[in-house]
Amino acid sequence: MARIYYGSFKSIQNITYRVELWDGANGTTPEIISGAYATRVTAAGGYQEGASCLSTKLEALNSSTELTLAGNGFDLEIQGNGSAWYESPIRPSKVASQWVMPSQIVLDDFVTLSTNLETYWTKIVYRDNVPFFIGRIVADQMTRLREAIEAQPIIDLTAVDGLELLDAYNVQEAWFTDGKITATYLIRKCLENLELYNYWVTLGINSYYFYDATVIYATHAVRKGLDIVYLDINTFLPEFDPFQDIKSIDIINGIYDPLNMINCKQAIENLCINLGTRFMQDKAGYWMFAANGYVASTIAYRRYSYTMQYLASETYSHRQTIGSHARPEWMAKPSLYYQAAVQKLVINQKRQMGLRKVRAYNSASTAAFELIATEIPTGSNPDTAPMRIRVVSKSEIYRASGTMKEDRTFMNVIVWIENSAGSKMQADGSGYWVAVATATGELVEKITVDNLGTWVDVIFEKSLTTAPIGFDKLYVKIDYVKAAVITYSKLRGWRSSALVNKQFWGSIQTAFADTSSYKNPDFVYDLAETFYPSASSSVNSNSVEIEASYYTAPNKFSIGNIFVSDGTNTILETDWFAGFDGITHGTLTAMLGKTLSGLYANFVPVIEGTWVDTGSYSPIKSLYFDNYTWLLNGVQYSARAEQWAGEWLAVSPVYINLTTSGEGQRIGKSGTQVLSDRINYQEQAIANLGGYIQNVPNQVLEDLVNYADGAPTTQPTLNTRYEVMLEYVDSSEVVQWHLQEHNASVTYTNGTHTITNGYELIICNTTDGNVVVNLPNATESKGKKYYFIKTATAHVVTISGGTYNINGATTTTMNSLYQSKTIISNGVQWYIVGSV
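Rules used throughout
- Residues numbered from 1 in each chain as written.
- Predicted model: local features only at pLDDT ≥ 70, side-chain atom pairs only at ≥ 80, totals over all residues.
- Heavy atoms only, no water.
- pLDDT = per-residue confidence, 0-100.
- Contact = heavy atoms within 4.5 Å.
- Helix = DSSP H or I, 4+ residues; strand = E, 2+ residues; numbered from the N terminus.
- Polar contact = N/O pair within 3.5 Å; in protein donor to acceptor, adjacent residues only side chain to side chain.
- Pairing = 2+ DSSP bridges.
- Axes fitted to C-alpha atoms, helices over the stretch in contact; angles between N-to-C directions.
- Expected span 1.5 Å × (residues − 1).
- Buried < 20%, exposed > 50% of the residue type's maximum accessible area, 1.4 Å probe, protein only.
- Phe/Tyr/Trp six-rings, centres within 6.5 Å; stacked < 30°, edge-to-face > 60°.
- 1 Å grid on protein atoms, 1.4 Å probe; cavity = no way out; pocket = protein on both sides within 12 Å on 5 of 7 lines; lining within 4 Å.
- Points joined across faces, edges and corners; volume = space filled by probe spheres on them.
- Nonpolar A, V, L, I, M, F, W, Y, C, P; charged D, E, K, R; others polar.
- Core = buried A, V, L, I, M, F, W, Y, C linked by side-chain atoms within 4.5 Å.
- Patch = residues over 30% accessible without salt bridge, like charges linked within 9 Å, V, L, I, M, F, W, Y side chains within 5 Å.
- Areas by Shrake-Rupley, 256 points an atom, 1.4 Å probe, with all protein chains shown as cover.
- Salt bridge = Lys/Arg side-chain N within 4 Å of Asp/Glu carboxyl O.

Averaged over every residue, the pLDDT of the chain is 83; residues scoring 70 or more account for 84%. This model gives residues 40–62 a pLDDT under 50, and the stretch forms 17 contacts once residues within four places in sequence are excluded. With pLDDT under 50 throughout, residues 667–674 is counted as low confidence; its partners more than four residues away or in other chains account for 14 contacts.

Below is the structure:
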């Protein structure tokens, strides 16, 4: 497993490019050996490896075949044209190269790529022996071209950096420690899914894997860097609802099963959006960088290995200056246009304060199950920060001696709070806290009525007032789940036995209200911060909304809170700098708002054209002309011609006169506004309920016509009436709708027929022979009538009840023209109630 094929060419600027195809990261190449050898000579002051050892390594490389690269050698495409800075934070790239097939053997080898796993083959591009791109080859983008060189076919082969493939992989619970993960470790684990990281080791560039140039940093953090930024596991759920039915506890992995988590692309995008950064691969490394870091001629970054081990803090001279006179670097004349300035920028947040603990099915136990929360919100007013608790237990139905089944399940739930001295308080029946010496439980009873069930659910829900000041530690505990089993004796009759401990699984969910004046009954707070760039922007009309997944709230139980390390502890940091002036600081969302509104204080110039390079430009660099720093937005790069056909976005932020409306709840702030908002909330809920009620007839009709058993499969061609019934299906124990046409009729000719419940009038035309009609199951046709009539003189009609008699006989017949019989079932057999 090593390099299998490679090809090289010289660009118009005399730059040597080499494109390699690898089938695994365990091999080496002469270039790698030569580079390692040169490094050792430099480091060891003339140390040289033995000739025999080097010769042995080179002999292992004979299977590497050189091929000819046609066309542009390779083309690089980076997505992003047309996007504003705050859009499309991940900028995927791909490289397409055209390979000349010298023989059928090589062609067959390339064709087999279409049947291999995507993680099997990799494309590596070098610029003057320096890694330029590393990507996975995707078979579905392989094309066999019609044109040929010297009658040899050409294969167009595409490799991607993998960033657009990250949506195929989900975040994993195993990545987290105590429900937290650092931003760098999240990035590492997401990228590992691409199976590319081993190539950095093989190529000897493991020290140049990830570059953190995010700029934003926390005031009290021990230092800058994403490796000390901590994210909560619950922010990686598509929807966090602390009171939902957690059905996934019935599977092995619990609520954080991968199917319940967002994908890796969304995870990195959320991080980029909230930090105001982009994410892309350049110079064979992954970069996360902010626009305001490009104001100076250099950008600062922190460099990491693929294991996200911090290695060094460095700077990069990104600026590539174009002269102020005629620009021969541009082919033809580039186009200049503008992105709209921002009149206001709104950062939306949906905050929730809560936590949950889950015991999954595979961890069922009779042991107590407990959630402990420290530093919970407290207050002197019962309504300052109320809380809500929901406890669910599940257990298999207990059977004694294999026959006697439990008739009741009991769950004992204990809820109490403590202060630092260990004093306890427990909620009374109204949810207020009262002092106790020892906390006792509340017994929740579940009556088992389903004899065919396999397990039983017990639910406990309670709303509680604010914990008094000082009582900042909460305990919620399922002390036990027990079953009572019915037994029978001649002397005592039926009695319940003593309680029996049961193994159980389940969940404990707790949510806290915000300490604001508005007490949202759903414990979800829709907040917003609005930012105005400057007075000059008041003439603009463009409004931008950013959905923020992360923020810094004053309570540690806010799900989207970002924590940082101060060198000793993991702390909730509420003060951040964005690095653009060293003075402005505030909440995480405030700095995001100020950064983006500063970038879009004026109309943003965008230039599009084809830039001819000398062979030194790369996407992470900027162009500098007309007193603007221009960052690459999206591009098509042709290597042989050294041409970058793309779009560049001007970075000229205006950070003066930045204003903000501050943080406010979109549903109301204080005083009379709170009452008004609550009334509006109730009126809206009532209006929604009225709308639902009005739609019920149409919804029922739609369900009957489209989904009920017996619903018409084609549109009727004349006026038709239907009978609506309820049907019980014993095999599935389900009651469902049944629809049948009113007084529907069917005509049977010679042969044997079995009627269904959809017909009532059975017309028997015996012109061509005898007609035999089998009645349906009598037990399923209780009260059902069938009308039979014979419409021809010849032959005989035989009506058969099968295993159910008709007036005491298995069959009855009709022999005469227009003879008729009416037959009805009593649920046991059929009776003839009319005969002509």
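Another point: the environment of Tyr5. Structurally, Tyr5 can be placed in strand S1 (residues 3–10). Spatially, the C-alpha atoms of Tyr5 and Asp23 are 9.4 Å apart, while their sequence positions differ by 18 residues. When neighbours within four sequence positions are excluded, Tyr5 is seen to be in contact with Val19, Glu20, Leu21, Thr65, Leu67, Val106, Asp109 and Phe110. A polar contact of 2.7 Å, which involves the side chain of Tyr5, links it to the side chain of Asp109.

Sheet architecture is open: 4 strands sit in the order S21-S33-S23-S29, paired in antiparallel fashion. This sheet does not close on itself; its edge strands, each paired only once, are strand S21 (354–359) and strand S29 (455–464). Taking the axes of each pair of neighbouring strands and ignoring which way they run, one obtains an average angle of 5 degrees across the sheet.

Okay, helix H7 (residues 588–599) next. Between its first and last C-alpha, H7 extends 17 Å over 12 residues, near the 16 Å set by a 1.5 Å rise per residue. Within H7, 12 of the 12 residues are buried, which leaves the element mostly enclosed by the surrounding structure. Buried residues of H7: Leu588, Thr589, Ala590, Met591, Leu592, Gly593, Lys594, Thr595, Leu596, Ser597, Gly598 and Leu599, and no others.

For helix H4 (residues 183–192), the tally of buried residues reaches 9 of 10 residues, placing the bulk of the element in the interior. Taken as a whole, H4 has its buried residues at Ala183, Thr184, Leu186, Ile187, Arg188, Lys189, Cys190, Leu191 and Glu192.

On to the packing of aromatic side chains. Under the counting rule described, the total for this entry stands at 40 aromatic pairs. Ring plane angle 85 degrees and centroid distance 5.5 Å describe the contact between Trp455 and Trp505, whose orientation is recorded as edge-to-face. Linking Trp455 in strand S29 with Trp505 in strand S33 (residues 505–512), this pair joins segments that are 50 residues apart in sequence. The partly exposed category is assigned to Trp455, whose relative accessible area is 35%. Trp505 gets classed as buried once you look at its relative accessible area, which sits at 1%. With 4.9 Å between their ring centres and 40 degrees between their planes, Phe512 and Phe557 make a pair best called tilted. Of the two residues, Phe512 is situated in strand S33 and Phe557 in the loop between strand S35 (543–548) and strand S36 (563–565); the sequence distance between them amounts to 45 residues. Take Phe512 and Phe557: they sit in the same class, and that class is buried.

The next subject is the layout of surface pockets. The space that makes up the largest pocket amounts to roughly 810 Å³. Taken together, 31 residues line the largest pocket, and the ones lying closest to its centre are Asp178, Gly179, Lys180, Leu355 and Arg356. Among the elements of the structure, S21, strand S22 (369–374) and strand S37 (570–572) are those that each provide at least two residues to the lining of the largest pocket. Split into classes, the residues belonging to the lining of the largest pocket amount to 15 nonpolar, 8 polar and 8 charged.

Here the focus is the sheet that holds strand S54 (residues 820–825). Here we have 5 strands laid out as an open sheet, ordered S47-S49-S51-S54-S55, and mixed in their pairing. Looking at which strands have only one partner, the edges of the open sheet turn out to be strand S47 (745–748) and strand S55 (830–835). Neighbour to neighbour, the strand axes of the sheet diverge by 25 degrees on average, direction disregarded. Sheet topology note: the strand S49 (residues 761–764)/strand S51 (residues 785–790) ladder contains 4 bridges and is parallel. Within S51, the residue paired with Cys764 across the bridge is Lys790.

Even without being a glycine, Ala332 presents a positive backbone phi close to 60 degrees. Its location among the elements puts Ala332 in strand S19 (residues 330–339). Here Glu642, not a glycine, exhibits a phi torsion of approximately 55 degrees, which is positive. Residue classification places Glu642 among the buried positions, given a relative accessible area of 0%.

On to the side chain of Ser781, then. Mapped onto the fold, Ser781 is located in the loop between strand S50 (771–774) and S51. Of the residues examined, Ser781 reaches a relative accessible area of 4% and is grouped as buried.

This part covers the nonpolar core. Counting residues in hydrophobic clusters, the biggest one holds 142 residues, and the most contacted among them are Phe74, Phe110, Phe210, Phe236, Phe279, Tyr286 and Trp648. Those residues in contact with Phe279 that lie beyond four places of it in its chain are Pro89, Ile90, Arg91, Leu163, Ile187, Leu191, Phe210, Ile268, Cys272, Tyr286, Trp287 and Met288. Membership of the second largest hydrophobic core comes to 30 residues, among which are Leu371, Ala373, Val444 and Val476.

A few words now on the pairing of strand S45 (residues 722–729). Relative to strand S46 (residues 734–741), S45 is paired through 8 bridges, and the arrangement is antiparallel. If you follow Glu723 over to S46, its bridge partner there is Gln740. Hairpin connection, S45 to S46: the antiparallel pair is bridged by 4 residues, and Glu733 has positive phi, about 55 degrees.

Here we come to the environment of Ser88. Tracing the chain through its elements places Ser88 in the loop between strand S4 (69–78) and strand S5 (93–100). Under the relative-accessibility criterion, Ser88 is labelled partly exposed at 35%. With 191 residues separating them along the chain, Ser88 and Phe279 place their C-alpha atoms 9.4 Å apart.

Moving on to a nonpolar patch on the surface. Together, Val724, Leu726, Tyr728, Val735 and Trp737 give the surface a local cluster of nonpolar side chains, amounting to about 520 Å² of exposed area. Within the residue set of the nonpolar patch, elements represented by two or more residues are S45 and S46. The leading source of residues in the nonpolar patch is S45, at 3 residues. Tracing the sequence through the fold places Tyr728 in strand S45.

Turning our eyes to something else, we now look at the environment of Asn129. With respect to the secondary-structure elements, Asn129 resides in the loop between strand S6 (122–127) and strand S7 (130–137). Among the residues examined, Asn129 registers a relative accessible area of 52% and is labelled exposed. Filtering out sequence-adjacent residues up to four positions away, Asn129 remains in contact with Arg18 and Glu31. In terms of polar contacts, Asn129 uses its side chain to reach the side chain of Arg18, at 2.7 Å.

Our focus in this paragraph is the pairing of strand S43 (residues 643–651). Look at any regular strand and the pattern is simple: side chains alternate between the two faces of the sheet. Burial of S43 is extensive: 7 of the 9 residues sit out of reach of the surface. Pairing analysis gives 7 bridges linking strand S40 (residues 604–612) to S43, with the strands arranged antiparallel. Following the sheet pairing, Glu608 is matched in S43 by Glu647.

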